[in-house]
Every structure is written in structure tokens, then in C-alpha cells.
Amino acid sequence: MSTAKSAKRKPVLTMAQQADIHELYEEAVQAVDAEVEYLVDTFKTLRGREPISFREDFCGTASAACEWVRTGKNRIAIGVDIDEDTLEWGRANRVGRLPEKDRTRVKLIHGDVRTVETEPVDIIGAFNFSYYCFKTRKELGGYFRHARTALNDDGLFVLDVFGGSEAFSVQKEKTKYEDFTYIWDQAEFDPITHRMLCHIHFKFPDGSKIKNAFTYDWRIWTMPELRELLDEAGFSKVRVYWEGEDDEGEPSGEYYEAETGTPDPAWIAYVVAEK
Ligand SMILES: C[S@@+](CC[C@H](N)C(=O)[O-])C[C@H]1O[C@@H](n2cnc3c(N)ncnc32)[C@H](O)[C@@H]1O
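Predicted, not measured: the structure shown is a model, and the values here were computed from it. (Residues numbered from 1 in each chain as written. Predicted model: local features only at pLDDT ≥ 70, side-chain atom pairs only at ≥ 80, totals over all residues. Heavy atoms only, no water.)

K.L.:
Could you clarify how one ought to interpret the sheet that holds strand β4 (residues 121–126) in this entry?
P.N.:
Sheet strands line up and pair through hydrogen bonds in the backbone, either parallel or antiparallel. In space, the eight strands of this open sheet follow the order β3-β2-β1-β4-β5-β12-β10-β11, with mixed pairing throughout. Pairing within the sheet leaves two strands with one partner each, and these edge strands are β3 (106–110) and β11 (251–257). Along the sheet, successive strands turn relative to each other by an average axial angle of 20 degrees, direction set aside. Where strand β10 (residues 237–245) and strand β12 (residues 267–274) come together, five bridges link them in antiparallel fashion. (Pairing = 2+ DSSP bridges. Helix = DSSP H or I, 4+ residues; strand = E, 2+ residues; numbered from the N terminus. Axes fitted to C-alpha atoms, helices over the stretch in contact; angles between N-to-C directions.)

So, in C-alpha cells, the structure goes:
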């Protein structure tokens, strides 16, 4: 017999139902503190001055843009993303949680990075391989040319790149975090077109799951293609920063300028293109 009390009992939500995919994504995928530090250090080394303005392309929740203004009182940032819902989440949960003095120095634009018009900035960054969504040389080259016009004369365009034999394969990689497991699923790869369909899934200790929390339909670009396209887009110099190793031979998280790399099965590098 059900009592009034039991009828009112709230359904128990699974961990998946209680989770926020943007929070999970940021914890598993992003390291905006290290990213901003890298941008500032690289700009200072190459340009001999402090960078002030940063445009985060494909900004999603705009975490890097927020970190940019949070870590320098004169800094300004613009975030650009095509997805209004994600931007709205970023406005409420990232920009909105900055102290007021920092908040006014971040502007979020709902737009397409291929056509958006912004005032010239010192650095444009496109991270987590987001530009892989452009699948032809024409499309990607057009984006690179457009980004170049939005830089100050000594501005830098910074991209991350991933590669190695594992980048051209169908595989799943699981990483355990305290409250969830992050699954990077390279579900389809076509060696003729280099089209890759990949997903992010999350699994929780109570057995619940969020399948396809994020899906990306990409072309896996190679480093030589990217360097040539940046060159053709008019950038005066294109530098590659390769990841160093710690004492145990593991990736150190520190990047140094390199002319040649090592054939690691899975690597991440930065490309820095000077206007
Ligand atoms: C992989 S997420 C990147 C999130 C975050 N910036 C990061 O580094 O992890 C890709 C983002 O690119 C956005 N996006 C895709 N195509 C775009 C375009 N043409 N212009 C602007 N944003 C775009 C998506 O809405 C999505 O938020």
C-alpha cells in the first residue's frame, strides 16, 4: 500500500542524470591555465611584449577567454562560437562567475569563425582541434586567411594539432577521473578522405552513462598540410612546438620549438603562425 509519503518520494536520479556535460568536458579535455600560460610565454618570447588581446575561436563555454582576463588585469578577450546554447552556458557559468572587474573584459560572439568580424587582436587560438571540422583545403584555407586579417601586425595565430599512427585508426581510449570515466571514441576513420567520426562518452561509478555527449565530424589534417595552408594563407612564418618528455619519458606538458619530431603513436603539438 502506498502512503502519501512514499508517493511524494522523489525519483532517484542516476549520476549521469545529475551530471553536466560541459563541466565533465572541461575537466576531462581542457587545461586552460596551462594553455593561457603557453600563449603568454610564447608571445612574449617571439614579440618581446605582453599580449593584451585574445580571441578564442570555437570557444564553446569560453573557459580559455575567461582564464585570459582572470590572469591579467589589462587583458581583453573575445570568444566566438556558432552554438548559442553552449555560449549561453558559458555566459551563465563561466563569464557570469568572474569577478565584475574581469567580466566586462570578455565579449562572446555568436558567429561563424569563417566570417566573424572582430577588432584586431594579439592572439587568435583555435584549440582542441576544432578547426578539423573544415574538410577541404578551400574551407580551411579560407578560415586561416580570415583569421590572419583579424590579427594585429605582430599577432600570432595558434592551433593545436594531433597526429601519430593512432590518429588514423578506429579505437577507444578510456581515462578515469575521480567521479567519472571519460571515453574518447574514434568510431570511424576513412583513409581515403581522412574523415573521422568521433564521440565523447562518460561513464559513472553507479553504472549510468552519457553516450555521445559530444560528436565531431572531422577531417584529420596532417602537419605538412597545415603548414602549407598557413603559408598559402599569407602567414610570414609558421613554427611548430613539439612536446618535451619528463625524466620517465612521459609527455611533460612543456612545448619547445622544433624542426623535426619523433614518430610517437599519439602526439599533440602547437603550431604558431606569425601574421
Ligand atoms: C571541440 S569544441 C571546442 C571547445 C573548446 N574551445 C576547447 O578548446 O575544448 C568545438 C566548438 O566549435 C564550435 N564550432 C563548430 N563550427 C564552428 C564555426 N564554424 N564557427 C564557430 N564555432 C564553431 C562548436 O559549436 C563547439 O562549441
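K.L.:
How should the domain arrangement of the protein be read in this particular structure?
P.N.:
Often, the extent of an interface is quoted as the loss of accessible area on bringing the components together. Here the protein is described as being made up of domain 1 (17–162 + 221–274) and domain 2 (166–216). Look at where the C-alpha atoms of domain 1 and domain 2 centre, and you get two points 22 Å apart. Across the contact, 13 residues belong to domain 1 and 16 residues belong to domain 2. Summing the contributions of domain 1 and of domain 2, the shared interface buries around 1300 Å²; its carbon and sulfur component is 76%. Broken down residue by residue, the surface that domain 1 buries against domain 2 is led by Ile21, Leu24 and Phe162, which jointly contribute 35%. For the pair domain 1 and domain 2, the interface holds zero salt bridges. Linking domain 1 to domain 2 there are two residue pairs in polar contact (both at pLDDT 80 or more). When grouped by side-chain class, the residues that make up the side of domain 1 that touches domain 2 number nine nonpolar, two polar and two charged. (Domains from an automatic or database assignment. Contact = heavy atoms within 4.5 Å. Buried area = accessible area lost by both parts, 1.4 Å probe. Salt bridge = Lys/Arg side-chain N within 4 Å of Asp/Glu carboxyl O. Polar contact = N/O pair within 3.5 Å; in protein donor to acceptor, adjacent residues only side chain to side chain. Nonpolar A, V, L, I, M, F, W, Y, C, P; charged D, E, K, R; others polar.)

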